Amino acid sequence: MNLLDVRNLCVRYGSEQTGVLAVDTVDLRIGQGEFVGLAGESGCGKTTLAMAIPNLLPEGATVVSGSVTFDGQDITHASEETLNSIRWKEISVIFQGALNALNPVKSVGWQIAEPMLAHDSGLSDKDALARARELLDAVGISKSRSSAYPHEFSGGMRQRVMIAMALACKPKLVIADEPITALDVMTQAQILDLLRSLSSSFDLSLLLISHDLSVLADTCDRVQVMYAGKAVESGSAETIFASADSSESAAHPYTNRLLKSYPNILHERVFIDGIPGYPPDLSLPQTGCRFAARCDQVQSVCRTQEPALIELHTNHFVACHFAEQVSR
Amino acid sequence: MSYLPRKLLQVLGSIFAVATFNFFLFHIIPGDPIRLIARTQKLDPEAVAELRKKFGLDGSIIHQYLVYLKNLAHADLGYSFSLHEGVGSVLLRALGHTALLLTVSTLIVVIIGIAIGVYAGSRQGKKSDSWIVISSLVFWSMPTFWVGMLLVFVFGVWWGGLPISGITTPNAVYSGSLSYMMDIARHLILPTLTLALVDIAFFIMITRTSLIEVMHEDYMLTARGKGLSRKTVVWKHGVRNALLPVMTASALYISALVGGAIQVEVVYSWPGMGLLMYNSVLARDYPVLEACFLVSSIVVLLANFASDVLYRVLDPRVSVAR
Amino acid sequence: MSSPQVLHIPPVKRSMLAQLWNDRMGRVGLLLTTFTLIAAVIGPIIFVFDSGAVGADATTLLMPPTRTHILGTDELGRDVFSQFLSGSRVSLLVGLMATVISTIIGAGVGIAAGFFTGKLDTVLMAVTDFFLVVPAMPLMIAMGAIFGQNLTIIIVIIGLLSWPRTARIVRSQTLSLRERKFVPRARSLGSTNWRIIKVHMIPHVLPLLIANTILVVAGAILSEATLAFIGLGDPNRISWGSMLHFAFASGAVGRGAWWYFMPPGLGILLIVLAFTLVGHAFDKINNPHLGGSS
């Protein structure tokens, strides 16, 4: 059984008449101890999909249909109380931009200890703070700094605090939303290493969200790519990042363009190539393949008929009419 | 320079500026202070001569200014011709009464105003929020003195259960200090209620606005993500941050509060600075008016200073030491 | 708000009035304002107030409403209703004229400080902060007592003491505009300072300025009422504030003469509320975050 099983999820911003389906019938599965990467350009719905899991969607966003099953329990329409008992205790989040995600007027030790106290009424303040200090130590911050405030830390250090905070209740699943985006390259690598090693040692599952596929390459077991609210491809990291001449490799033109958009760490390729054009305006009705307008291998059928997500090989899903012929 | 000495110097500079401004307003613009006083007082030549010496009027403007500053430094605020008493002692008495009124009403205004503001701000767009906003705007649009007149009419005249004038019951005999204090407390009710009705609206509006801004901050989502109850999210994470801008806005409020207190004191004959100003306007007692303006300005400047220090204590991002 | 908030908003468009109308509070405010303005202009023409028409005997003093005096009489036996109508003119006149003075000074100081920055900014802001913290009401009372009681002086005093907030708001908006690309571009194309201010600054400052100006009117009307209540109104021009002064001084409250002290107070409340609602709605259009019910 999967730890997390999201099926046919639809999330809409705004009203039924004028709203926008930011996530349109998307599946997402994460196994026990599995590291899953979620990729796509900004605005493709990856953050919305992730935030729908513990139901932390902003006001105005609603889950229209589909289901979220976590640890065997359907939590799609769970009460706020049930969700509060799951949030952080079972599913914690490393939010985008740690500068603003930490409360500026509370010490970092207090902020790490807070969820422990909230989920364990038997825990004393002193023990919680002691454990917060242990966690700071684990992410490479001196225990003595637990009484410091967020503004006294550098960006990378704040992200470490955020990671320590996410691990506070030993959750089963950590959602890391663009955890390294605002950091410099050196710090990015350190934070990624830390995230990887701690996730293994804490024996948890990880959903890592990034617009940069190379970030996911050596961290994740599996990668799912989204485009304009749809899942367009998902497969094992080996498959997605395999070179084009392998027997099995990334099959969706969008994935392939994404792979070319960033220097590829695995293959030491420094070929950077953006994708021309913009994602479609989702407030308009969609026909055919949503990537058609930007696809360099587009055929007439692509503009009229929406491709279904098919299983190309075992556990390798692609939504493209020409998945088998796509070349890089 | 570190924060405290720098800020203190700034406050002293402002007090100096107020004193100078005051000098020009009362001593230079009307011609000379004696002509101002002589508008309403019959002064015999002897008194005029004494005043001329006191203000240093035979010297240049700079000389007069220095004499004025010297008198101020000796806390010599002049003589009240309508009360036949030194302005300093008159003012000191009034200041105590005003301080009592302002302290009690400010406490009530701040606590209730913030509580209602948080309630409204955390329910933005809901019916209860709209009603709170609308009634706040209505109360904020009322002249304070008129609210006072209405309350006098309702509670003093119509219902008749509460004292509407003064600080104690005239000719009352008290069995002890407790009954004396109870009498003052009863006299405080309507003046405080009047100030509160108008001024609570101000705190509701700024607290609400500030909390709404804070509710959109990322750390509020973090707090929700931690599985905290809605109440904890709003109060522990939201209010603590929302209060910082409220502190800044309160500094402006202090000066408005003084304006409100003057009106309330007039309506309820509360023997404080406001009533003193009112009576001095009617009697055209300029030395008293001058001192009232000077002292109320200094009090407001000091209160602003205090709120600035308090802000630094509450916000870890700035420090009192630096 | 710990630092003044800078909003990025487009210049005023004709649609602003429409947006105002679409906001429930804005609509009520607009209707109330229009109604009061019409009443102030036409009312005193139809119901002429004669300040000399005092009561003939004691029974006509502080008389409750009758058919001839629909809001009764004052302590001198004069008609309250026509007095109330003519008082609206003075309250509105003082409020609007004082706001004109305040807005000219506030916008001028704000744009000058924000645009030229440097030493000029330091000096102007020191003066602004000084007037921001000095308690306005005691100062108005002191100035009123020194300079005498006539309408022009009252207008000037209120105008001279209500500009600092405007200056602060305009300055921070000007500062943020200065950072945007079109200013260096305009300068490199040879635009003069004055032209940059006229073409690029003023139109972008205007929306905030209008919202603020409307709120200044509300404050100025309240200030006039308070000054008149304290006894510093123009003795020859009856305003709502001075009506309340005489009502209070003559003991109308203690005698339960509600027809005398209710109308002027309600008048002030309604017109101040009207301007506050419009200003509040404007703020909401400029800063949609604050959006409430409507």
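All of the points below concern the structure found in this document. All figures in this text were calculated on a predicted structure; none of them were measured in a lab. (Residues numbered from 1 in each chain as written. Chains lettered and ligands numbered in written order. Predicted model: local features only at pLDDT ≥ 70, side-chain atom pairs only at ≥ 80, totals over all residues. Heavy atoms only, no water.)

## Observations regarding the interface of chain A and chain B
Inference 1: With 25 residues of chain A at the interface, the matching set in chain B holds 19 residues.
Inference 2: Approximately 2,000 Å² of surface area, both sides summed, lies buried where chain A meets chain B, with 58% of it carried by carbon and sulfur atoms.
Inference 3: Together, Pro104, Val105 and Glu114 of chain A form the three largest contributors to the area buried by chain A at its contact with chain B, with a combined 26%.
Inference 4: Counting across the interface, chain A meets chain B through one salt bridge.
Inference 5: Residue Glu114 of chain A pairs with Lys226 of chain B through a salt bridge whose shortest N-O separation is 3.0 Å.
Inference 6: Counting across the interface, chain A meets chain B through 11 residue pairs in polar contact (both at pLDDT 80 or more).
Inference 7: Where the side of chain A that touches chain B is concerned, the elements lending two or more residues are α3 (98–101), α4 (108–119) and α6 (155–166) of chain A.
Inference 8: The biggest single contributor to the side of chain A that touches chain B is α4 of chain A, with six residues. (Contact = heavy atoms within 4.5 Å. Buried area = accessible area lost by both parts, 1.4 Å probe. Salt bridge = Lys/Arg side-chain N within 4 Å of Asp/Glu carboxyl O. Polar contact = N/O pair within 3.5 Å; in protein donor to acceptor, adjacent residues only side chain to side chain. Helix = DSSP H or I, 4+ residues; strand = E, 2+ residues; numbered from the N terminus.)

## Focus on the environment of Leu123 of chain A
All names here are of chain A.
Inference 1: By the secondary structure assignment, Leu123 is in the loop between α4 and α5 (125–138).
Inference 2: Residue Leu123 is classed as buried on the basis of its relative accessible area, which comes to 16%.
Inference 3: In this structure the C-alpha to C-alpha distance between Leu123 and Ala164, which are 41 residues apart in sequence, comes to 18 Å.
Inference 4: In contact with Leu123, other than residues within four places in its own chain, are Met116, Leu117, Ala128 and Arg131. (Buried < 20%, exposed > 50% of the residue type's maximum accessible area, 1.4 Å probe, protein only.)

## Here we look at the environment of Val110 of chain B
Inference 1: One can find Val110 of chain B in helix α5 (residues 87–121).
Inference 2: Distance in space between the C-alpha atoms of Val110 of chain B and Asn22 of chain B is 31 Å, their sequence separation being 88 residues.

## Digging into the state of the cysteines
Residue and element names in this part refer to chain A.
Inference 1: Applying the stated rule across the entire model yields zero disulfides over all chains.
Inference 2: Among the cysteines around Cys10, which has no disulfide bond, Cys44 carries the closest sulfur, lying 15 Å off.
Inference 3: Overall, Cys10 belongs to the buried group, its relative accessible area being 9%.
Inference 4: Just so you know, Cys320 is unpaired, no disulfide at all, and the nearest cysteine sulfur is the one on Cys302, 6.3 Å from it. (Disulfide = S-S within 2.5 Å.)

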